[in-house]
Amino acid sequence: GPKVLQIPSHQIIDMGQMVTLNCDPVSNHLYFYWYKQILGQQMEFLVNFYNGKVMEKSKLFKDQFSVERPDGSYFTLKIQPTALEDSAVYFCASSPGGNNQAPLFGEGTRLSVL
Amino acid sequence: GEKVEQHESTLSVREGDSAVINCTYTDTASSYFPWYKQEAGKSLHFVIDIRSNVDRKQSQRLIVLLDKKAKRFSLHITATQPEDSAIYFCAAHSNYQLIWGSGTKLIIKP
């Protein structure tokens, strides 16, 4: 079936560096999401994105975070600069529509900030 | 902001018995409620959903009930099997995003 791919699966960086997490959503999906999960705890919504724009973002989506999907390529989450508390698993998800449709999740990128 | 509360943080049942996980939500306008399963170290996988135009939905051993008046919905897993062991998350759609419960760790005892 369709899959959301996330690259890389694990990223280790030093605090203060920039990191870009890449997501290849399902090809006909229009809505894209980033979530953050620490140690198997609750999924925390970061941001959703539609038609080239951020639709909604949470308070966890700090000024150091940005998202984009240039020319239908990867949907990316950039963190610049990173902080220790950014260490978590970041899940990308996509859905065909915004309401009443369950997003399909990628396998996640484990980010370790040292 | 809007919230979803998942009442059982851990639930342990004997193999073959039923498991029930309960969630409540605050946004009266929520109309879509998916459930996801997360096995250890893995991603979330959609298992079943319910929309507010119905109060019950079944898919094989999974049943979802929705009580709009009480703003409560629940996942029932019948005839549990070892492979049902996982963390289950409920969610409610509210303003372009899903509001998530905190997860229930389901343990199936032999």
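A brief report on the enclosed structure follows.

Reading the values: rules and limits
- The written sequence of each chain sets the order in which its residues are numbered from 1.
- By the order in which they are written, chains take letters starting at A while ligands take numbers starting at 1.
- Local features are withheld for residues below a pLDDT of 70 in this predicted model, meaning they are given only at 70 or higher, and side-chain atom pairs are given and counted only at 80 or more; totals for whole chains, interfaces and linings count all residues.
- Heavy atoms from the whole structure form the basis of all side-chain values; hydrogens and water molecules are not counted.
- Throughout this description, the term nonpolar core refers to a set of buried Ala, Val, Leu, Ile, Met, Phe, Trp, Tyr and Cys residues connected via side-chain atoms within 4.5 Å.
- Buried means the residue's accessible area, taken with a 1.4 Å probe over protein chains only, is under 20% of the maximum for its type, while exposed means over 50%, and partly exposed covers the values in between.
- Contacts were defined at the residue level, with two residues in contact if any of their heavy atoms lie within 4.5 Å.
- Here a strand is any run of E in DSSP of at least two residues, a helix any run of H or I of at least four, and the numbering for each starts at the N terminus.
- Accessible area that two parts lose when put together, with a 1.4 Å probe and added across both, is what the buried area reports.
- Just to be clear on terms, a salt bridge is a Lys or Arg side-chain nitrogen sitting within 4 Å of an Asp or Glu carboxyl oxygen.
- Amino acids outside the nonpolar list (Ala, Val, Leu, Ile, Met, Phe, Trp, Tyr, Cys, Pro) and the charged list (Asp, Glu, Lys, Arg) are all regarded as polar, and Gly is one of them.

## Quick word on the nonpolar core
And step 1. Ranked by internal contacts, the top residues of the largest apolar core, which has 24 residues, are W35, F73, L75 and L106 of chain B.
And step 2. Residues contacting L75 of chain B, with those up to four places away along its chain left out, are A19, V20, I21, W35, I48, L62, I63, V64 and Y88 of chain B.
And step 3. Counting residues in hydrophobic clusters, the runner-up holds 22 residues, among them I13, L21, V26 and L46 of chain A.

## Considerations on unusual backbone geometry
Residues and elements named next belong to chain A.
And step 1. Between I7 and P8 the backbone carries a cis peptide bond, its omega angle lying at -5 degrees.
And step 2. For the peptide bond that leads from Q80 to P81, omega is -5 degrees, which places it in the cis range.
And step 3. Tracing the chain through its elements places P81 in the loop between β8 (75–79) and β9 (88–95).
And step 4. Not every positive phi belongs to a glycine, and N51 is a case in point at roughly 55 degrees.
And step 5. Within the secondary structure layout, N51 lies in the loop between β5 (44–50) and β6 (53–57).

## Some thoughts on the environment of F33 of chain B
Residue and element names in this part refer to chain B.
And step 1. The residue F33 is located in strand β4 (residues 32–38) in this model.
And step 2. F33 gets classed as buried once you look at its relative accessible area, which sits at 0%.
And step 3. C-alpha of F33 to C-alpha of D49: the two residues are 16 residues apart in sequence and 5.5 Å apart in space.
And step 4. Filtering out sequence-adjacent residues up to four positions away, F33 remains in contact with Y25, I48, D49, I50, L66, F73, A91 and A92.

## Describing the interface of chain B and chain A
Size of an interface: often given as the accessible area lost when the parts come together.
And step 1. The partner chain A presents 21 residues to the 21 residues of chain B that form the contact.
And step 2. Of the roughly 1,700 Å² buried between chain B and chain A on both sides combined, carbon and sulfur atoms contribute 52%.
And step 3. The three residues of chain B that bury the most area against chain A are S43, Y96 and W100 of chain B, which together make up 32% of that side's buried surface.
And step 4. Across the contact surface, chain B and chain A share zero salt bridges.
And step 5. Elements represented by at least two residues in the side of chain B that touches chain A include exactly β4, β5 (44–51), β9 (86–94) and β10 (97–100) of chain B.
And step 6. Its residues assigned to classes, the side of chain B that touches chain A comprises ten nonpolar, nine polar and two charged.

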